[in-house]
Amino acid sequence: MNIMLACCAGMSTNLVVSKMEEAAKAQGKVYKIWAVDQTKIEAELGNFDVLLLGPQVRHMLRRVTKILDGQVPVDVIDSVSYGRCDGAAVLEQAEKLVNKK
Amino acid sequence: MFSKKFEDTLMIIAEKVDENKYLNSVKDSFTVFMPFVIAGSFAVLLNSVLCSPKTGLAQWIPWLSNLSVAFTAMNFATLGIMSIPVIFLIAMNLAKHDKNPEYITGVVAVASYCSVIPEVVTITVDSVTGKAAGIPSAALGAQGLFVGMLLTIVIVRLFSKLTKINAIKIKMPPSVPVGITTSFNTLIPIMVTLVTASVAGALFHLATGVYINEFVYQVLQAPLEIVFQSPAGILAIVIFSQLFWFLGIHGGLVISPIRNPLMAVAIAANIAAAANGQVPDQAVTYGFWMNFVVAGGAGMIFSLILAIFMFSKREDHRMIAKLGLGPAIFNISEPVVFGLPLVLNPTFAIPFIFNSGIACAIALFFTKIGFMPCNIVDVPFGVPLILGAFIGHGWQGTIVQIISIAVAVVTWIPFVLMANKEAEKEVMKKAAEAEEV
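Residues numbered from 1 in each chain as written. Chains lettered and ligands numbered in written order. Predicted model: local features only at pLDDT ≥ 70, side-chain atom pairs only at ≥ 80, totals over all residues.

(A) Structural context of the overall build of chain B. For chain B, the count of helices and strands is 18 helices and 2 strands. With respect to the principal axes defined by its C-alpha atoms, chain B has extents near 85 × 65 × 45 Å. Counting only contacts in chain B whose residues sit at least 6 apart along the sequence, the fraction spanning at least 24 positions is 70%. (Helix = DSSP H or I, 4+ residues; strand = E, 2+ residues; numbered from the N terminus. Contact = placed C-beta atoms within 7 Å.)

Shown next as structure tokens:
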């Protein structure tokens, strides 16, 4: 599964990415997880199975949902899990989004 | 304190700004162009550290001063002609949004812009004034940004409309490759667009006696620059940005379509002033914002972390402060903003919203009294505290940054103590409830 995170400059989401990778490894899962700047979302279309937005860019959800056009699930990362860099929780959120589809 | 209605209004503003394709294209274009602005300003730094016979290595190795032209050229190639790549990028981004051919639209916009700016410059040689072929630097550089943005929007709209008219499309047999068909089918719209732009530019010049880029600079960009650089203007912008952060929305990102062009203008003006032997006087640049407005994360989060380490009795807050310390040194505030959380948290609302404004005022004060110079080297996002201030604003910058961080620690402390009390009350309440049971 390919999980992409997006925020402004992709820096703060990168902190979450490393925690998610740790959590995935601990659970024995092989996922590709990475973070990009919000301007790169369109360029990455097709590369990810689920998109998670940092809560600080949640005002983009409506526009991004339109861009993704129902092809890929997208949601805003739960803000407390995000702030606490709770990799396992964010990973679970991503898995739930994919499975719901 | 913050009504739901107020919250909704801000959210709608953030969404509208994000969904507006013009603002979005401007924002994305400046995100792409930002590294060039920083590279251009580093050319100035290299020039002074290497080639200057007064301050650089050239004191000991005089030959190095020969390289000065190289760094001047690098600065010209990035900041000196920034209007051209920015116009190209905005046009491309708009075309992408409208699903039109991106590169052609970019070139059309650049060509249209070049057709309305002067192709002659007035020069004086040996006290004789005459005209010569050339493009004035004002038209290519930062002074052309706003006219460039506006013109690009108009031109791209026109070009996009024209490309969608079927009647002016040239028919091609199906065996002709798509690329060729596209290029032929854009030929007529290109011609019409360029004729419109150049004729409109000429008519404007005939009617008013000034070129449109000079006019837009005078009536729009120059006043905006003045407001942006004024203490009242920039403080209003900083606080507006923090209001978004209070909702947990990236305030800097929301205001970036208007903020980033004006910051690019400011650094370019500072560099130009320094090159002409004047004192740079545009305080508010990207480096200024990074070093003195969002030092340690928007809302002065590094200072909050220090205040928590010193005075907080709450284990949950101390845990988040530890987690957020590393990122905060790099001006990343999100772990604390969302983890503590500061979002919609009434206890910390006042310092969270106003601390960046206070820090900004402190830095402006030290600039005004002449202690801290206006920067000519911009600092990118991600350079740690202290070092960033030193690169951008010298040792004076480091001192001012430490002062503003210290002041912010002091303003955070009462609220950290308040949070302690609240937690105590909570514990007592729970204990009382437990006794009742």
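(B) Region of interest: the overall build of chain A. Counting its regular elements, chain A contains 4 helices and 4 strands. Each helix and strand of chain A, ordered N terminal to C terminal, gives the series β-α-β-β-α-β-α-α. Taking 13 Å as the expected radius of gyration for a compact globule of 101 residues, we find that chain A reaches 12 Å, a close match to that expectation. Overall, chain A is about 35 × 25 × 20 Å in size when its C-alpha atoms are taken along their principal axes. Counting the 101 residues in chain A, one finds 48% classified as buried. For chain A, restricting intrachain contacts to residue pairs at least 6 apart in sequence, the fraction spanning at least 24 positions comes to 62%. (Rg over C-alpha atoms; globule rule 2.2 N^0.38 Å. Buried ≥ 20, exposed ≤ 12 C-beta atoms within 10 Å, placed from the backbone.)

(C) Looking closely at the environment of Ile212(B). Residues and elements named next belong to chain B. With respect to the helices, strands and loops of the structure, Ile212 is situated in helix α10 (residues 212-229). With 68 residues separating them in the primary sequence, Ile212 and Gly144 have C-alpha atoms 10.0 Å apart. In contact with Ile212, other than residues within four places in its own chain, are Val116, Val147, Gly201 and Phe204.

(D) Spatial organisation of the interface of chain B and chain A. Between chain B and chain A, the residue contacts involve 25 residues of the former and 22 residues of the latter. For the side of chain B that touches chain A, the secondary structure elements donating two or more residues are α1 (4-19), α2 (21-51), α15 (315-329) and α16 (334-339) of chain B. Tallied by class, residues from the side of chain B that touches chain A come to 15 nonpolar, 5 polar and 5 charged. (Nonpolar A, V, L, I, M, F, W, Y, C, P; charged D, E, K, R; others polar.)

(E) Seen up close, the domain arrangement of chain B. All names here are of chain B. Partitioning chain B into domains gives domain 1 (21-115 + 141-221) and domain 2 (236-436). In this structure, domain 1 and domain 2 have C-alpha centres spaced 34 Å apart. Residue-level contacts link 17 residues of domain 1 with 15 residues of domain 2. Here the element with the most residues in the side of domain 1 that touches domain 2 is α2; it accounts for 10 residues. (Domains from an automatic or database assignment.)

(F) A look at unusual backbone geometry. Residue and element names in this part refer to chain B. Leu340 connects to Pro341 through a cis peptide bond whose omega is -15°. With respect to the helices and strands, the residue Pro341 is situated in the loop between α16 and α17 (349-368). With phi around 50°, Asp126 is a residue other than glycine that occupies positive phi space. Within the secondary structure, Asp126 sits in the loop between β1 (120-125) and β2 (128-133). On the basis of neighbour count, Asp126 is assigned to the exposed category, with 4 C-beta atoms found within 10 Å. Of note in the backbone geometry, Ile386 takes a positive phi value of approximately 70° without being a glycine. Since 16 C-beta atoms lie within 10 Å of it, Ile386 is described here as partly exposed.

(G) Just the packing of helix α4 (residues 83-98) of chain B against helix α5 (residues 102-116) of chain B, in detail. Residue and element names in this part refer to chain B. At a minimum axis separation of 8 Å, α4 and α5 run at an interaxial angle of 140°. On the basis of the axis angle, α4 is oblique to α5. For the element pair α4 and α5, the recorded crossing hand is right-handed. Residues Ile84, Ile87, Phe88, Ala91, Met92, Ala95 and Lys96 of α4 touch α5, and the partners they reach there are Glu102, Thr105, Gly106, Val108, Ala109, Val110 and Tyr113. (Axes fitted to C-alpha atoms, helices over the stretch in contact; angles between N-to-C directions. Parallel < 35°, antiparallel > 145°, perpendicular 65-115°, else oblique. Left-handed = near helix turned anticlockwise from the far one by under 90°.)

(H) The arrangement of helix α9 (residues 187-208) of chain B in detail. All names here are of chain B. Compared with an ideal rise of 1.5 Å per residue, which puts 22 residues at 32 Å, α9 spans 32 Å between its outermost C-alpha atoms and is within 8% of the ideal. Where α9 is concerned, the buried positions are Pro189, Thr193, Ala197 and Gly201. The buried residues of α9 all sit within an arc of 90° when viewed along its axis, so they share a single face. More than 90 degrees from the buried face of α9, the exposed residues found are Met191, Val195, Val199, Leu203, Leu206 and Ala207. Where α9 is buried, its residues contact α5, α7 (145-163) and α10. Where α9 terminates, the next one or two residues include Gly209, which has phi positive at roughly 85°. (Expected span 1.5 Å × (residues − 1). Arc of directions from axis to C-beta.)

(I) Just the UniProt feature "domain: PTS EIIC type-3" (unreviewed entry) in chain B, in detail. With numbering matched to this structure, UniProt assigns "domain: PTS EIIC type-3" (unreviewed entry) to residues 6-415 of chain B. Secondary structure across residues 6-415 of chain B divides into 71% helix and 3% strand, with the first and last C-alpha atoms of the span separated by 23 Å. (UniProt positions renumbered as here; feature names shortened; annotations may be inferred.)

(J) Structural context of the nonpolar core. In this structure, Ala6(A), Ala91(B), Ala264(B) and Ala268(B) are the most contacted members of the largest nonpolar core, which totals 151 residues. Leaving out residues up to four positions away in the same chain, Ala264(B) has contacts with Phe30(B), Val37(B), Met82(B), Ala142(B) and Leu145(B). (Core = buried A, V, L, I, M, F, W, Y, C linked by C-beta atoms within 7 Å.)

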